[in-house]
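Geometric and topological summary
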Amino acid sequence: MTGARKPASLDHVHAAAVPLAALTAWQIVVDTADVQTGQSVLITAAAGGVGHFAVQFARHLGAHVIATASASRHAWLKELGAEETIDYTTTRFEDVAADVDVVIDLVGDGPDRTSTRSLRALRRGGLLVAVPGGVSPELALAAETAGVRVVPFLVEPDGPALTAIASLIDDGEVAVEVEETFPLEQAAAAHTRGEAGRTRGKLVLTIGD
């Protein structure tokens, strides 16, 4: 990720949380989904590193944002711009969200089949961006049958996008959440913590004092 300066308003710890997660969210929301004012956007795992940026970018563009997360994250996500929140531990999001324009699935088609379930929440012709697991032949067929679109996603270096993100941060339009920091020698512990999938924002490794 090159060609962009650190947001002036951030310390180095919070700045370290920005490039990959925020750029991923930006390219999903802006470049891939082309989210427009007035559209409805459902974001799964919305409280995580990529998710909390995606919520803010979608809301910045004027979308109606629906976020899935555990109940303890709901008030915070609403502060970030989510207008509806769904507790995934008690409610199947596809049972309460319907005719959505865009689903940004940050969970994937693991044991809970989140990507496949997302198809039920979309309007006909809507778009599913399947991030972690991509698009399997089975998912592609299910999307075609449902009359919706599905695309995979892979982040790419983009200095101008990072510059735009930095401007939003410095203007107070986008917040950066760091839940916890780990010294570099505890990288394995940080990885284990991240794999648990219950983070609020980002985890950051620190070097030295």
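Look above for the structure.
Residues numbered from 1 in each chain as written. Predicted model: local features only at pLDDT ≥ 70, side-chain atom pairs only at ≥ 80, totals over all residues. Heavy atoms only, no water.

**Quick notes on a nonpolar patch on the surface**
To be explicit about the condition: Every patch collects residues that have over 30% relative accessible area and no salt bridge, joining them within 9 Å if they carry like charges and within 5 Å if they are nonpolar side chains (Val, Leu, Ile, Met, Phe, Trp, Tyr). Each accessible area is a Shrake-Rupley estimate made with a 1.4 Å probe; only the visible protein chains count as cover when residues are assessed. Counted as salt bridges are all cases of a side-chain nitrogen of Lys or Arg within 4 Å of a carboxyl oxygen of Asp or Glu. Under the DSSP-based scheme used, a helix requires at least four consecutive residues in state H or I and a strand at least two consecutive residues in state E, with every element numbered from the N terminus. Burial status follows relative accessibility: with a 1.4 Å probe on protein chains alone, a residue under 20% of its type maximum counts as buried, one over 50% as exposed, and anything between as partly exposed.
The grouping of Leu-184, Leu-205 and Ile-207 at the surface amounts to a nonpolar patch, some 300 Å² of accessible area in total. On the secondary structure map, Leu-205 appears in strand E8 (residues 202–206). Residue class for Leu-205 comes out partly exposed when judged on its relative accessible area of 39%.

**Some details on the environment of Val-102**
Put simply, the rule is: Note on contacts: a residue pair qualifies if any of its non-hydrogen atoms lie within 4.5 Å across the two residues.
Along the chain, the position of Val-102 falls in strand E4 (residues 100–105). Along the backbone, Val-102 and Arg-149 are 47 residues apart, and their C-alpha atoms lie at a distance of 9.5 Å. Here Val-102 is in contact with Ala-33, Gln-39, Ser-40, Val-41, Leu-42, Leu-122 and Leu-127, once residues within four sequence places are set aside.

**Re the packing of helix H2 (residues 19–32) against helix H3 (residues 49–60)**
Heads up, the condition is: Think of each axis as a best-fit line through the C-alpha atoms, taken over the contacting stretch in the case of a helix, with angles from 0 to 180 degrees between the N-to-C directions. An angle below 35 degrees is treated as roughly parallel, one above 145 as roughly antiparallel, one from 65 to 115 as roughly perpendicular, and anything else as oblique. Crossing handedness is read from the near helix: turned anticlockwise from the far helix by less than a right angle, it gives a left-handed crossing, and turned clockwise, a right-handed one. Gly is placed with the polar residues, together with every amino acid not listed as nonpolar (Ala, Val, Leu, Ile, Met, Phe, Trp, Tyr, Cys and Pro) or charged (Asp, Glu, Lys and Arg).
Look at H2 against H3: their axes get within 8 Å of each other, and the N-to-C directions meet at 45°. Our classification of the angle between H2 and H3 gives oblique. The handedness of the crossing between H2 and H3 comes out as right-handed. Seen from H2, the contacting residues are Ala-21, Ala-22, Thr-24, Ala-25, Trp-26, Ile-28 and Val-29; seen from H3, they are Gly-49, Val-50, Phe-53, Ala-54, Phe-57 and Ala-58. Each residue belonging to the contact of H2 with H3 can be placed in one class, and the counts come to eleven nonpolar, two polar and no charged.

**Thoughts on the sheet that holds strand E3 (residues 84–87)**
Put simply, the rule is: Whether two strands pair depends on DSSP finding at least two bridges between them.
Pairing in this open sheet of six strands is parallel, and the strands run E3-E2-E1-E4-E5-E6 from one edge to the other. Two strands close off the open sheet at either side, each with one partner strand: E3 and strand E6 (149–152). Going across the sheet, the axis of each strand differs from the next one's by a mean of 15°, ignoring polarity. Where strand E1 (residues 40–43) meets strand E2 (residues 64–69), four bridges bridge the pair, whose relative direction is parallel. What sits directly across from Val-41, in E2, is Val-65. Contacts from H3 reach E1 and E2 within the one sheet, and its direction differs from that of E2 by about 165°.

**A word on the pattern of salt bridges**
A side chain with one charge may pair with a side chain of the opposite charge, provided their charged atoms come close. Evaluated as defined, the whole model comprises ten salt bridges. The residue Glu-83 makes a salt bridge to Arg-59 at a minimum N-O spacing of 3.5 Å. Placement of the pair is Glu-83 in the loop between helix H4 (74–80) and E3 and Arg-59 in helix H3, with a sequence separation of 24 residues. What makes Glu-83 partly exposed here is its relative accessible area of 38%. Linking Arg-92 and Glu-94 is a salt bridge whose minimum nitrogen-to-oxygen distance equals 3.6 Å. For Arg-92, a relative accessible area of 38% puts it in the partly exposed group. Under the relative-accessibility criterion, Glu-94 is labelled buried at 8%. Sharing partners across several salt bridges, the network here consists of Arg-92, Glu-94, Asp-95, Asp-112, Arg-117 and Arg-120.

**Section: the packing of aromatic side chains**
Put simply, the rule reads: Aromatic rings from Phe, Tyr and Trp, taking only the six-membered ring of Trp, are treated as a pair when their centres fall within 6.5 Å; an angle between ring planes under 30 degrees marks them as stacked, one over 60 as edge-to-face, and anything in between as tilted.
Applying the stated criterion across every chain yields a total of two aromatic pairs. With a centroid separation of 5.3 Å and an interplanar angle of 85°, the aromatic rings of Trp-26 and Phe-57 are classed as edge-to-face. Of this pair, Trp-26 sits in helix H2 while Phe-57 sits in helix H3, and the two are 31 residues apart along the sequence. As far as the burial class goes, Trp-26 and Phe-57 line up, both buried. Ring pairing ties together the aromatic residues Trp-26, Phe-53 and Phe-57, which thus form one cluster.

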